[in-house]
Amino acid sequence: ADTKITTDVLDTIRKTAGHAYDAIGQTGTITPAASYTKALDDIAAPYLKAAEGFPNAKLSPVIDIVESLKSPSFDAASAIEKIKHLRSAADDAFRTGNTDVARASKSASKVLEDAVEDHLKATGSQDLLKSFKEARATIAKTYSVQKALNNGNVSGQNLAAQLKKGKPLSGGIKDIAEFSEAFKKA
């Protein structure tokens, strides 16, 4: 309760939550379902369509990101490291204004996380699955709070704007967003 919310504190929370990812690395080989490839294809589809009409144009790096993830199977530890890499690449791309790569990297990491979830369900690793889902939710919440951070305070109006844009807020963060939306002048 007495801790001041800073980006360093949020980074520490993310790092702690990320330990749940490490245990998953020991669960063996992941063989993704057809839905994995389809989800990746959906990410690349608009960029491939644009390339059809302009064959001499340079291909979008989004296509390379997607193609690099297409594999009939991969080690769980590799998947976890790739998720971390994709999330970091998304953050870097957003910071530099490369929104296509940022969104594609973020979407691709979600597709890979979903494949890990499916793998954990299939192997009966219910405790790891629960920890993984909790870690994903905690990490997502820290990013929502960080986006709403303003001079050491969390802006309820910013959280309300995130909720309005469709961010999947939950718990107390969602309560704050809904309250701020309902009572804009409070």
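These figures come from a predicted structure and were not determined experimentally.

Peer 1: I tried to follow the pattern of salt bridges on my own but got confused; where do I start?
Peer 2: Pairing is possible between side chains that carry opposite charge, provided their charged atoms lie close to one another. Across all of its chains, the model carries 16 salt bridges by this definition. Between D114 and R136 there is a salt bridge, with its nearest N and O atoms 3.5 Å apart. In this pair, D114 is assigned in helix α6 (residues 99-122) and R136 in helix α7 (residues 126-148), connecting sequence segments 22 residues apart.

Peer 1: What's the story with the packing of aromatic side chains in this structure? I'm lost.
Peer 2: Between two aromatic rings, the relevant description is the distance of the centres plus the angle of the planes. Tallying each qualifying case throughout the model produces three aromatic pairs. Measuring from ring centre to ring centre gives 5.7 Å for Y36 and F74, while their planes differ by 45°; the resulting arrangement is tilted. With a gap of 38 residues between them, Y36 in helix α3 (residues 34-53) and F74 in strand β2 (residues 74-75) connect regions that are remote in the sequence. Note on accessibility: Y36 and F74 belong to one class, buried. Above the ring of Y143, the side-chain terminus of R14 is found at 4.0 Å from the ring centroid.

Peer 1: Mind showing me how you'd approach the nonpolar core here?
Peer 2: As a rule of thumb, soluble globular proteins bury nonpolar side chains together. Formed by 33 residues in total, the largest nonpolar core has its most connected members in Y36, I43, L112 and V116. Breaking this core down by element, the ones donating at least two residues are α2 (19-24), α3, α4 (61-69), α5 (76-96), α6 and α7. Broken down by element, the residue count for this core peaks at nine residues, all from α6. Those residues in contact with Y36 that sit more than four places away from it in its chain are L69, F74, V111, L112 and A115. With seven residues, the next largest nonpolar core counts V145, L159, L169 and A177 among its residues.

Peer 1: So what exactly am I meant to see when it comes to α7 here?
Peer 2: Helical geometry: 3.6 residues make up each α-helical turn, so side chains three or four residues apart lie on a common side. Over its 23 residues, α7 runs 33 Å from end to end, which matches the ideal 33 Å to within 8%, given 1.5 Å per residue. For α7, the complete set of buried residues consists of L129, F132, A135, R136, I139, T142, S144, V145 and A148.

Peer 1: Would you mind going over the layout of surface pockets with me for this structure?
Peer 2: Taken as a whole, the largest pocket holds about 1,400 Å³ of empty space. If you trace the largest pocket, you find 35 residues lining it, with R87, K106, I139, A140 and Y143 closest to the centre. When residues in the lining of the largest pocket are grouped by element, the largest group, nine residues, is from α7. Here the residues of the lining of the largest pocket are counted per class, giving 11 nonpolar, nine polar and 15 charged.

Peer 1: Can you help me understand α4 in this one?
Peer 2: Turning to α4, its buried residues are V62, I63, I65, V66 and L69. The arc that holds every buried residue of α4, seen down its axis, measures 160°, which confines them to one face. Tucked inside the fold, the buried residues of α4 contact α3, α5 and α6.

Peer 1: Looking at this model, I keep getting lost on unusual backbone geometry. Mind explaining?
Peer 2: Positive phi, normally seen in glycine, also occurs at N151, with a value near 55°. The topology assignment puts N151 in the loop between β3 (149-150) and β4 (153-154).

Peer 1: I would appreciate a short explanation of the environment of T37 in the present structure.
Peer 2: Here T37 lies in helix α3. Looking at T37, the relative accessible area reads 34%, which means it is partly exposed. Along the sequence, T37 and V66 sit 29 residues apart, while their C-alpha atoms lie 9.2 Å from each other.

Peer 1: Explain the packing of α3 against α4 to me, please; I cannot follow it from the model alone.
Peer 2: Axes are the key here: two packed helices are described by the angle between their axes and the distance separating the axes. At a minimum axis distance of 9 Å, the contact between α3 and α4 shows a crossing angle of 165°. As summarised for this structure, α3 and α4 are arranged roughly antiparallel, according to the angle between their axes. For the element pair α3 and α4, the recorded crossing hand is left-handed. Residue-level inspection shows Y36, L40, I43, A44, Y47 and L48 of α3 in contact with α4, the latter providing V62, I63, V66 and L69. Residues of the contact of α3 with α4, tallied by class, amount to 10 nonpolar, no polar and no charged.

Reading guide: rules and limits
- Residues numbered from 1 in each chain as written.
- Predicted model: local features only at pLDDT ≥ 70, side-chain atom pairs only at ≥ 80, totals over all residues.
- Heavy atoms only, no water.
- Salt bridge = Lys/Arg side-chain N within 4 Å of Asp/Glu carboxyl O.
- Helix = DSSP H or I, 4+ residues; strand = E, 2+ residues; numbered from the N terminus.
- Phe/Tyr/Trp six-rings, centres within 6.5 Å; stacked < 30°, edge-to-face > 60°.
- Buried < 20%, exposed > 50% of the residue type's maximum accessible area, 1.4 Å probe, protein only.
- Lys NZ or Arg CZ within 6 Å of the ring centre and 35° of its normal.
- Core = buried A, V, L, I, M, F, W, Y, C linked by side-chain atoms within 4.5 Å.
- Contact = heavy atoms within 4.5 Å.
- Expected span 1.5 Å × (residues − 1).
- 1 Å grid on protein atoms, 1.4 Å probe; cavity = no way out; pocket = protein on both sides within 12 Å on 5 of 7 lines; lining within 4 Å.
- Points joined across faces, edges and corners; volume = space filled by probe spheres on them.
- Nonpolar A, V, L, I, M, F, W, Y, C, P; charged D, E, K, R; others polar.
- Arc of directions from axis to C-beta.
- Axes fitted to C-alpha atoms, helices over the stretch in contact; angles between N-to-C directions.
- Parallel < 35°, antiparallel > 145°, perpendicular 65-115°, else oblique.
- Left-handed = near helix turned anticlockwise from the far one by under 90°.

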